[in-house]
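# Secondary and tertiary structure notes
Read off the chains here:
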Amino acid sequence: MNFHTLILLFSAVVFARAKLPSYITKCSISDPKLGDCIKQQMINTLPKVIHGDKNMRIPNLDPFHLTEIEIEATETLTLKLLDIDIKGLDKVKLGNFHVDGKKMTSKVELTFDEIDITATYDIKGQLLILPIQGHGPAKITMKNAKFTFEFDWDVKPNDKGVDYVVLGDSNLHYTTEKSHYHFDNLFNGDKALGDQMNAFIEENSEEVSKDIEPSVSETIKLVVMGIFQSVCSSMPFSDILDP
């Protein structure tokens, strides 16, 4: 899954002009407290769009659904998740928002008390020191997850000469207080081996998280970028920000 796949997923490439909803007040790009203004607008907006907004091309966020994620955790471990539902995004807590209208850079901090992920998994390879393989239901729970998302942006005209915000380079880092993983039907349904492996994963969840964090961060970044770009592509720059 790459950024262009996410753009298609959220139908963000269609520049059908949408109107700024009445519950959002435009901020000024020259406001030295632009980040605070945008944060307040997000606080006002999130309850209105948690179940999606076709006008702004925001998908349903509770639960948020993805078809497939492939995580190349290490050189010796591949984890694929299918038919994924992510719950808990509606309980987001907004932290610091820094938006520089001149340099066109942004830094956003988000915290979630708990994120629950259910999916069908395929896993094969070596997890830490043990071989692992299986296919079946999976559940991943992330406690007190903190995300820091940094990205550049620019304003560019479309083929009709109308300016839209276009996202550029980005970086995402996250930490969790604790992550829990459970995989049913490991080792072709061998319950004894499966129980032992799940116990091993639980006992070493911090090390497991370190192995998969880079790939998970990249996946989350692509999802966030897809949603942000989808919103930015739904209405012209002049409809989002005042001078």
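Residues numbered from 1 in each chain as written. Predicted model: local features only at pLDDT ≥ 70, side-chain atom pairs only at ≥ 80, totals over all residues. Heavy atoms only, no water.

In the nomenclature of an unreviewed UniProt entry, the chain corresponds to Protein takeout-like from the organism Nicrophorus vespilloides.

## Details of the packing of aromatic side chains
Under the counting rule described, the total for this entry stands at six aromatic pairs. Considering the side-chain rings of Phe147 and Tyr174, the 5.5 Å spacing of their centres and the 25° angle between planes classify their relative orientation as stacked. You can see Phe147 sitting in strand 6 (residues 130-157) and its partner Tyr174 sitting in strand 7 (residues 163-175), a full 27 residues away along the chain. Comparing Phe147 with Tyr174, the two get one shared label, buried. Each residue in the set Phe112, Phe147 and Tyr174 is aromatic and connected to the rest through ring pairs, giving one cluster. (Phe/Tyr/Trp six-rings, centres within 6.5 Å; stacked < 30°, edge-to-face > 60°. Helix = DSSP H or I, 4+ residues; strand = E, 2+ residues; numbered from the N terminus. Buried < 20%, exposed > 50% of the residue type's maximum accessible area, 1.4 Å probe, protein only.)

## Observations regarding helix 2 (residues 34-49)
Two residues of an α-helix separated by three or four positions point the same way, owing to the 3.6 residues in each turn. In this model helix 2 runs 22 Å from its N-terminal to its C-terminal C-alpha over 16 residues, within 8% of the 22 Å that 1.5 Å per residue would give. Where helix 2 is concerned, the buried positions are Leu34, Gly35, Cys37, Gln41, Thr45 and Val49. (Expected span 1.5 Å × (residues − 1).)

## Some details on helix 4 (residues 205-233)
Between its first and last C-alpha atoms helix 4 spans 39 Å; for 29 residues at 1.5 Å apiece the expected length is 42 Å, and the two agree. Of all the bends in helix 4, the greatest, near 50°, is centred on Glu213, and the proline Pro214 appears no more than four residues after it. (Bend = angle between axes of the 7 residues up to and from the residue.)

## Quick notes on unusual backbone geometry
Here Asp62 and Pro63 are connected by a cis peptide whose omega angle stands at 0°. Mapped onto the fold, Pro63 is located in the loop between helix 2 and strand 2 (64-74). Even without being glycine, Arg57 reaches a positive phi, approximately 60°. Looking at the secondary structure, you find Arg57 in the loop between helix 2 and strand 2. One non-glycine residue, Asn188, lies in the positive phi region at around 60°. Relative to the elements of secondary structure, Asn188 occurs in the loop between strand 8 (178-183) and helix 3 (191-203).

## Topic: the state of the cysteines
On inspection of all chains with the given rule, the structure shows one disulfide. A sulfur-sulfur distance of 2.0 Å marks the disulfide that ties Cys27 to Cys37. Every disulfide takes its handedness from the sign of the S-S torsion; for Cys27 and Cys37 that torsion is -90°, giving left-handed. Highlighted residues: Cys27 in strand 1 (residues 27-28) and Cys37 in helix 2, separated in sequence by ten residues. No difference in accessibility class separates Cys27 from Cys37, as the two residues are buried. (Disulfide = S-S within 2.5 Å.)

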